[in-house]
Amino acid sequence: MARPFFPVFFRNRDMLQYMGMEQRGELFTQLFAYADEGVLPENNDSILGMAFNVFRKDIDESLNKYKETCEKNRRNIAKRWNKTLPGENTSEYDGIRSDTKNTKRREAETEEKKKGREVEAETEAEEKGRSAVSDIEKQFFSAFGRKPSREFLQTAAQSGLSDEVIIHAIHRVADRRSVKNPEGYATKIMQTWAANGVPAQYQPQADKYNPPPDEPLADWERDWLMQMQSREETSC
């Protein structure tokens, strides 16, 4: 069902700061093709693929709501014009509406049941989502004393990495006490590992998080921290 638009939400802006301008252009080219024609890209770039999946989820949810609205409008139009099948009572066409109060009551009850099912479905989906990231939330809270942002949890779920590896990334950030944006640092680590492979000491078969003592920062980590510190000094 074609639409003249697709949604882009501010909450996904953070995904773009880790992408170059060429990757951003390719991302939106893929999003236009998917939203208009349903074409799925073949992404060899893991960062680009992860960002596409985040935006795609919003497009799919919006499309489903759009279809539901169209179907609801279609039913309302049919009711308004009192369409009937051959052989049915056509008294309504003659301006005689039978049992109007009962009909309205049944419609209200049906609508109420529908809303109830939608609430139950949303609650069930939310509970599943919470259980899926409960270990990650627990480790993040233990490391930083607060819950992670919703955007970080969404990014973690779309990263393709196991919960154990994501927790290693969180602990990797916790080792750097001066980091003021742990979600951003952990996201950068996950993206790097997704693109270049998870280091041996953080592989899922490890029994627990146990990095080498005084493990030096990687080049990209030093650059990232310097960039963040520069931004903080400028904003002061």
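A quick note: this is a predicted structure, and the numbers were derived from the prediction, not measured. (Residues numbered from 1 in each chain as written. Predicted model: local features only at pLDDT ≥ 70, side-chain atom pairs only at ≥ 80, totals over all residues. Heavy atoms only, no water.)

1. Notes on the overall build of the chain
For the chain, the count of helices and strands is eight helices and zero strands. Along the chain direction, N to C, the helices and strands of the chain fall in the order α-α-α-α-α-α-α-α. By residue count, 28% of the 236 residues in the chain fall in the buried class. If you take every contact in the chain between residues at least 6 apart in sequence, the share linking residues at least 24 apart comes to 69%. When the accessible area of the chain is evaluated, it comes to approximately 16200 Å², of which 51% is carbon and sulfur surface. (Helix = DSSP H or I, 4+ residues; strand = E, 2+ residues; numbered from the N terminus. Buried < 20%, exposed > 50% of the residue type's maximum accessible area, 1.4 Å probe, protein only. Contact = heavy atoms within 4.5 Å. Areas by Shrake-Rupley, 256 points an atom, 1.4 Å probe, with all protein chains shown as cover.)

2. Description of the packing of helix 5 (residues 150-158) against helix 7 (residues 182-196)
As a packed pair, helix 5 and helix 7 sit with axes 10 Å apart at the nearest point and diverge in direction by 10 degrees. Judged by the angle between their axes, helix 5 and helix 7 are roughly parallel. Residues Phe152, Thr155 and Ala156 of helix 5 form the contact with helix 7, whose own contacting residues are Glu183, Ala186, Thr187 and Met190. (Axes fitted to C-alpha atoms, helices over the stretch in contact; angles between N-to-C directions. Parallel < 35°, antiparallel > 145°, perpendicular 65-115°, else oblique.)

3. Regarding the packing of aromatic side chains
Tallied over the full model, the rule gives six aromatic pairs. Seen in terms of ring centroids, Phe140 and Phe144 are 4.8 Å apart; in terms of plane orientation they differ by 50 degrees. Their pairing is tilted. Taken together, the positions of Phe140 and Phe144, both in helix 4 (residues 134-144) and four residues apart, correspond to about one turn of that helix. Phe140 sits in the buried class, given a relative accessible area of 0%. Centroid distance Phe140 to Phe152: 5.7 Å. Interplanar angle 45 degrees. Geometry classified as tilted. Of the two residues, Phe140 is situated in helix 4 and Phe152 in helix 5; the sequence distance between them amounts to twelve residues. (Phe/Tyr/Trp six-rings, centres within 6.5 Å; stacked < 30°, edge-to-face > 60°.)

4. Considerations on the side chain of Ser159
Along the polypeptide, Ser159 turns up in the loop between helix 5 and helix 6 (163-174). Its relative accessible area of 10% is what places Ser159 among the buried residues. Polar side-chain contacts of Ser159 include one of 2.8 Å to the backbone oxygen of Ala156. For Ser159, the side chain forms a polar contact with the main-chain nitrogen of Leu161, separated by 3.2 Å. Dropping the residues within four chain positions of it, Ser159 is found in contact with Met50, Ile166, Met190 and Ala194. (Polar contact = N/O pair within 3.5 Å; in protein donor to acceptor, adjacent residues only side chain to side chain.)

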